[in-house]
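One letter stands for each residue in the lines below.
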Amino acid sequence: MMRALSLIITSTLGFQSKNISNGEIIKMNLHPKRLHVGNHSTAVLWARLYILMVLTILKPSCFCFVTSFTTWHMMKSPRGHELNSHSPFTNMPMRPPPATSGAFPLFSLISQHRSKQTSESTKSAIPVAGVYDALSAKIFAQHKAPALFLSGFGVSAALLGIPDAGMTNLVEMEMVARQVCAALREGDLSEYKPPPLIVDGDTGYGGAANMLRTISALANAGAAAITIEDQVFPKKCTIAAGDRVRIIEREAAIQRVRAAIGARNLFDANCSLKKSESESSTTGSGVWIVARSDCRLAFGFQETVERCLRFEDMGADVVYAENLQSFDEYQKLRSKLDPKTITMVAQVQEEKDNIQNVDGKKKKPLLTIQEIGALGFDLALFGVTPLQCVVGSLRKAASSFLDTGIVGQAANDRDITLADFELVKNVVGFGNLEIFEKEFPC
C-alpha cells in the first residue's frame with residue numbers, strides 16, 4: 001500500500017519521489033502539463049497531499065479516498081501553468097511530454113519550428129499530409145515529411161472502398177494505425193526519421209466507454225496525437241456533408257473533449273504505474289488530444305470560435321476548426337485564441353476553390369503553408385491530397401491499361417507518372433532485405 005501511495009503522490013505532482021517502503025527512487029513519466037495547479041500554489045498541493053498521506057498511514061481505509069482524489073485530480077486537469085523562463089520550450093503552452101512518448105517528436109517539431117519563425121517573410125506552417133496506409137506513409141516519410149495524419153476518409157476509401165460516413169470503426173482505424181507506425185519504425189532510419197503520426201479519432205466512436213477505448217487503443221498503436229470532433233455519431237466527412245453536417249450541442253462537445261482528455265490522463269497514469277513496476281518501456285504514454293469543431297456550416301462562425309475557446313480552456317493540446325469559409329475567418333479565429341495555443345488549418349483541394357466572386361476573390365480560400373503560417377497557425381493539414389493524387393493517376397492508368405496493357409507510352413499517357421519497378425522495390429524495402437539475406441542466409 002505504501003508503494004502505491006508513493007506512486008499516487010508522484011503521479012499527482014509529477015516529479016521523482018522516494019518509495020516510502022524501501023527508499024527506491026521512482027520516476028513517473030506522466031505528462032507534466034496534466035498537473036492541475038489552477039490558482040493554488042505548489043505549497044498548498046503539498047499540504048493537501050501530506051494530510052492525505054498521514055490519514056492513509058493512520059487509517060488504511062482512507063487509501064480509497066486518496067486514490068479517488070488522485071484519479072479525479074488527473075482526469076479533470078485542464079491546461080497547467082506555463083513553463084518558467086529557464087525552460088528551453090518557453091514558446092510552447094505546455095511542458096514537454098515524456099521523451100519516450102509518441103507525442104514528444106510532435107512537441108519538439110512544433111517548438112523548433114516556432115523558434116525559426118523570426119520574420120514575416122519566412123513564416124510558414126508545418127505541412128501535414130493525410131496518409132491512408134503503410135505504403136503512402138512510408139513514401140511521405142522517405143521524402144522527409146515532418147508529420148503525417150492518418151485520415152479517416154482515406155482509410156474508408158483505401159481499406160474498404162466506401163465513403164467516410166461512419167461506416168469504418170475503431171478496430172479498422174487501430175489496425176491501420178499499427179501498420180503505419182510499424183512501417184515508419186521499420187524503415188531505413190538512415191534515410192529518414194519517423195515522423196509523428198496524428199490519427200483521426202472521429203467522434204470517439206460513441207460514449208464515455210467508447211472514448212476510453214479509442215484513446216487507449218490508438219495511443220497503444222503509436223499515435224502522437226488523436227483528433228476528436230463534435231459531429232453526431234455516426235459522423236460524415238465535413239466537406240462532403242456541407243450544410244447538412246450534424247453537430248452536437250456545445251456543452252456535449254465540451255464534455256466529449258473532456259472525456260478524451262480524461263481518458264488520455266488515465267491511460268498515462270496506467271502507463272506510468274506499469275513502467276514503475278516493470279521498468280520496461282511503455283508505448284503510447286503522453287499522447288496529445290486534438291480538439292476539432294465541424295460546426296461552421298451548421299451553427300455559424302461565432303459558434304465555431306466559442307467552441308474552440310472552450311476547447312482551449314479545457315486543455316486540448318491542439319485546437320482547430322474545419323471548413324472555415326474565408327481568409328478573414330481564419331484570421332479572426334487565430335486572433336481569438338491564445339498566441340501559444342497550438343493550432344491547425346485543414347483543407348481539401350477542390351476544383352470549386354478556384355471559383356471567384358464578382359470582386360475577384362475566391363469564394364473559399366485554398367491557402368499555402370506560407371499563408372497559413374503568416375496567419376499564426378502551426379500545422380497545415382491536407383488530409384486527402386495524397387488520396388486525390390492516387391485516384392486521379394489510377395483512373396488514367398486504368399483507361400490506358402485496358403486499351404493495350406501498356407501504361408505510359410501512348411501520346412495521351414504522357415501525364416501519367418509510372419514509377420520504375422526498381423523504384424517500387426526500393427520504396428517497399430527490397431534493398432535492405434537483400435542485404436540482410438546475404439548476411440544471414442537460412
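Note that the structure is a prediction, hence the values are computed from the model and not measured.

Cut-off values and rules
Residues numbered from 1 in each chain as written. Predicted model: local features only at pLDDT ≥ 70, side-chain atom pairs only at ≥ 80, totals over all residues. Heavy atoms only, no water. Helix = DSSP H or I, 4+ residues; strand = E, 2+ residues; numbered from the N terminus. Buried < 20%, exposed > 50% of the residue type's maximum accessible area, 1.4 Å probe, protein only. Contact = heavy atoms within 4.5 Å. Areas by Shrake-Rupley, 256 points an atom, 1.4 Å probe, with all protein chains shown as cover. Pairing = 2+ DSSP bridges. pLDDT = per-residue confidence, 0-100. Polar contact = N/O pair within 3.5 Å; in protein donor to acceptor, adjacent residues only side chain to side chain. Axes fitted to C-alpha atoms, helices over the stretch in contact; angles between N-to-C directions. Parallel < 35°, antiparallel > 145°, perpendicular 65-115°, else oblique. Nonpolar A, V, L, I, M, F, W, Y, C, P; charged D, E, K, R; others polar.

## Describing the overall build of the protein chain
Scanning the protein chain from N- to C-terminus turns up 17 helices and 10 strands. By residue count, 48% of the 442 residues in the protein chain fall in the buried class. In the protein chain, 67% of the contacts between residues at least 6 apart in sequence involve partners at least 24 apart. Accessible surface computed for the protein chain: about 21700 Å², of which carbon and sulfur atoms make up 58%.

## Some remarks on the pairing of strand β6 (residues 225–229)
With five of five residues buried, β6 is to be regarded as a mostly interior element. Taking every second residue as pointing to the same face, both faces of β6 are buried, with Ala 225, Thr 227 and Glu 229 on one and Ile 226 and Ile 228 on the other. Sheet topology places strand β5 (residues 197–200) next to β6; three bridges connect them, and they run parallel. Considered in β6, the bridge of Asp 200 is made with Thr 227. Inspection of the sheet shows β6 paired to strand β7 (residues 288–293) by five bridges, in the parallel sense. Paired with Glu 229 across the two strands is Arg 292, which belongs to β7.

## Thoughts on the confidence of the model for the protein chain
Of the residues in the protein chain, 73% reach a pLDDT of 70 or more, and the chain-wide mean stands at 82. In this model residues 7–45 is a low-confidence stretch, pLDDT under 50, and it forms 109 contacts with partners more than four residues away in sequence or in other chains. With pLDDT under 50 throughout, residues 279–284 is counted as low confidence; its partners more than four residues away or in other chains account for 11 contacts.

## Overview of the environment of Thr 203
Among the structural elements, Thr 203 can be located in the loop between β5 and α8 (208–221). A relative accessible area of 1% places Thr 203 in the buried class. Note: C-alpha distance between Thr 203 and Val 232 (29 residues apart in sequence) is 7.5 Å. Among all residues touching Thr 203, those that are not within four sequence positions of it are Met 211, Ile 228, Glu 229, Gln 231, Val 232, Phe 233, Lys 235 and Arg 256. A polar contact of 3.3 Å, which involves the side chain of Thr 203, links it to the backbone nitrogen of Tyr 205.

## Quick notes on the packing of helix α6 (residues 152–160) against helix α7 (residues 170–185)
At a minimum axis separation of 11 Å, α6 and α7 run at an interaxial angle of 90°. Here α7 runs roughly perpendicular to α6, going by the angle between their axes. Counting all contacts with α6, which are made through Gly 152, Val 155, Leu 159 and Leu 160, the residues of α7 involved are Glu 172, Met 173, Met 175 and Val 176. Tallied by class, the residues present in the contact of α6 with α7 amount to six nonpolar, one polar and one charged.

## Considering the side chain of Ser 136
Locating Ser 136 in the fold gives a position in helix α5 (residues 134–142). Residue classification places Ser 136 among the buried residues on the basis of a relative accessible area of 7%. Of note is the side chain of Ser 136, whose polar atom sits 3.1 Å from the backbone nitrogen of Tyr 132.

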